[in-house]
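Observations on the three-dimensional arrangement
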Protein chains: 2
Amino acid sequence: MSTQTIATDPRAEIEAGNRRFMEAFGRGDAASVARLYTASAQLLPAHSDFVTGTPAIQRFWQGAMDMGLKEAVLETLEVEAHGEAAHEVGRYALKTAGGQVADAGKYLVVWKQEGGAWKLHRDIWTTSRPAA
Amino acid sequence: MSTQTIATDPRAEIEAGNRRFMEAFGRGDAASVARLYTASAQLLPAHSDFVTGTPAIQRFWQGAMDMGLKEAVLETLEVEAHGEAAHEVGRYALKTAGGQVADAGKYLVVWKQEGGAWKLHRDIWTTSRPAA
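Residues numbered from 1 in each chain as written. Chains lettered and ligands numbered in written order. Predicted model: local features only at pLDDT ≥ 70, side-chain atom pairs only at ≥ 80, totals over all residues. Heavy atoms only, no water.

**Quick word on the sheet that holds strand β4 (residues 85-95) of chain B**
All names here are of chain B. We apply this condition: Should DSSP find at least two bridges between two strands, the strands are regarded as paired. Helix and strand definitions here come from DSSP, where helices need a minimum of 4 consecutive H or I residues and strands a minimum of 2 consecutive E residues; each element is numbered from the N-terminal end.
On the basis of which strands lie adjacent, the open sheet formed by six strands has the order β2-β1-β6-β5-β4-β3 and mixed pairing. Bordering the open sheet on either side are β2 (51-52) and β3 (71-82), each of which pairs with just one other strand. Relative to strand β6 (residues 117-127), strand β1 (residues 37-43) runs parallel, the two sharing three bridges. In the sheet register, Gln42 faces β6, and the bridge partner there is Arg122.

So this is what it looks like as structure tokens:
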């Protein structure tokens, strides 16, 4: 294990990863969002099968942006790290241009260290809004 | 770390836990389902806030059973264990009395060892069916 690996604080690294996610999402940069995931990452979105790998993840988030989502807000509630993996529980909100909340809910992310950085590896979220 | 901890195979233990889940669900025994979770476990269901702790988890699954769900089918696709925690990715199906699939999708579960057993600790799933 490298000194770098030992020195990092997983929760701080994960919160920094979320800030990068929010920044990239806010400027409509789906390619940079996708690069925050591991090469073998998977999204598990509702109303979809698994979304696997960087190109598919980029397309997924591009599609969300194309639907009018302009801002993602991620709030970390819990991080538990175990060696080179960690899980995070948090709350999210997705907003449209006027700052209106289009959806809000909660998520579970498995993060892994890859290339010296903590990256999202398994990402699943559910709306907390009542069923339509 | 006890010999027992070293000796267990997390994937086999988790698959055994899922079999116990399916058996308890199939006999409508929400109390036994809830006991497969850690004391501080959380469900992250769609259209709901977090469901936290054994009594609330029992009520959640009792509610699903009361809605007519008679069978849960869980299929493990991936287990990665890190010390006393692991994450599992899988597919689920929920069936009604006639064996009809009422819902099918995918899930991410964080498992933890508690009292010498692997238990569900964070449990979230999403339907793979198209939006209504």
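**Examining the relation of the copies chain B and chain A**
Threshold: Here the copies were fitted onto each other by least squares, based on C-alpha atoms from residues at pLDDT of at least 70 in both. Contact criterion: two residues are considered in contact whenever any of their non-hydrogen atoms come within 4.5 Å of each other.
Mapping chain B onto chain A calls for a screw motion: a turn of 180° about the axis and a shift of 0.0 Å along it, with 0.0 Å RMSD after fitting. Interpreted geometrically, this transformation is the action of a two-fold axis. Ranked by how close their C-alpha atoms come to the rotation axis, the residues of chain B are headed by His82 of chain B, at 2.8 Å. In this assembly the copies share their binding face: 100% of the residues contributing to the interface of chain B also contribute to that of chain A.

**Things to note about the confidence of the model for chain A**
Where we set the bar: Values of pLDDT, the confidence the predictor places in each residue, fall between 0 and 100.
Per-residue confidence for chain A averages 94 on the pLDDT scale, and 95% of its residues sit at or above 70. Low pLDDT, under 50, characterises residues 1-7 of chain A; the stretch is placed with four contacts to residues that sit more than four places away or in other chains.

**With respect to unusual backbone geometry**
Its identity as a non-glycine residue notwithstanding, His47 of chain A has a phi of 65°, on the positive side. Along the chain, the position of His47 of chain A falls in the loop between β1 (37-43) and β2 (51-52).

**Re the packing of aromatic side chains**
Filter applied, for reference: Ring geometry is summarised as follows: Phe, Tyr and Trp rings, the Trp one being its six-membered ring, pair when their centres sit within 6.5 Å, and such pairs are stacked at plane angles under 30 degrees, edge-to-face over 60 and tilted between the two.
As enumerated under the stated definition, the model contains 14 aromatic pairs over all chains in all. Ring pairs connect the aromatic residues Phe21, Phe25, Tyr37, Phe60, Trp61 and Trp125 of chain A, which therefore count as one cluster.

**Observations concerning the sheet that holds β2 of chain A**
Residue and element names in this part refer to chain A. As a reminder, the rule being used: Working convention: axes come from line fits to C-alpha atoms, limited for helices to the stretch in contact. Angles between N-to-C directions cover 0 to 180 degrees.
In spatial order, the strands read β2-β1-β6-β5-β4-β3; together these six strands make up an open sheet with mixed pairing. Among the strands making up the open sheet, the edge pair consists of β2 and β3 (71-82). Bridge count for strand β4 (residues 85-95) against strand β5 (residues 101-114) is eleven bridges, and the pairing is antiparallel. Paired with Arg91 across the strands is Lys106, a residue of β5. This element, helix α2 (residues 10-26), spans β1, β3, β4, β5 and β6 (117-127) of the sheet and lies at about 160° to β3. Sitting on the sheet, helix α4 (residues 54-66) touches β1, β2 and β6, and the angle it makes with β1 is about 55°.

**Here's the deal with the side chain of Thr126 of chain B**
Put simply, the rule is: Under the rule applied, a polar contact is a pair of N or O atoms within 3.5 Å (in protein, one hydrogen donor and one hydrogen acceptor; residues adjacent in sequence only if both atoms are side-chain atoms).
The residue Thr126 of chain B is located in strand β6 in this model. A polar contact of 3.0 Å, which involves the side chain of Thr126 of chain B, links it to the backbone oxygen of Leu44 of chain A. A polar contact is formed between the side chain of Thr126 of chain B and the side chain of Lys106 of chain B, at a distance of 2.9 Å. Ignoring sequence-local partners within four residues, the contact set of Thr126 of chain B consists of Leu44, Pro45, Ala46, Ile124, Trp125 and Thr126 of chain A together with Tyr92, Gly105 and Lys106 of chain B.

**Brief notes about the environment of Gly105 of chain B**
Residues and elements named next belong to chain B. This is how it is decided: Exposed residues in this analysis have more than 50% of their type's maximum accessible area, buried residues have under 20%, and partly exposed residues fall in between, with area computed by a 1.4 Å probe over protein chains only.
Within the secondary structure layout, Gly105 lies in strand β5 (residues 101-114). The buried category is assigned to Gly105, whose relative accessible area is 5%. Once the C-alpha coordinates of Gly105 and Leu74 are considered, the two residues, 31 residues apart in sequence, prove to be 10.0 Å apart.

**Here's the deal with α2 of chain A**
Going by this rule: Multiplying one less than the number of residues by 1.5 Å gives the expected span of a helix.
Over its 17 residues, α2 of chain A runs 24 Å from end to end, which matches the ideal 24 Å to within 8%, given 1.5 Å per residue. Buried within α2 of chain A we find Pro10, Ile14, Ala16, Gly17, Asn18, Phe21, Ala24 and Phe25 of chain A.

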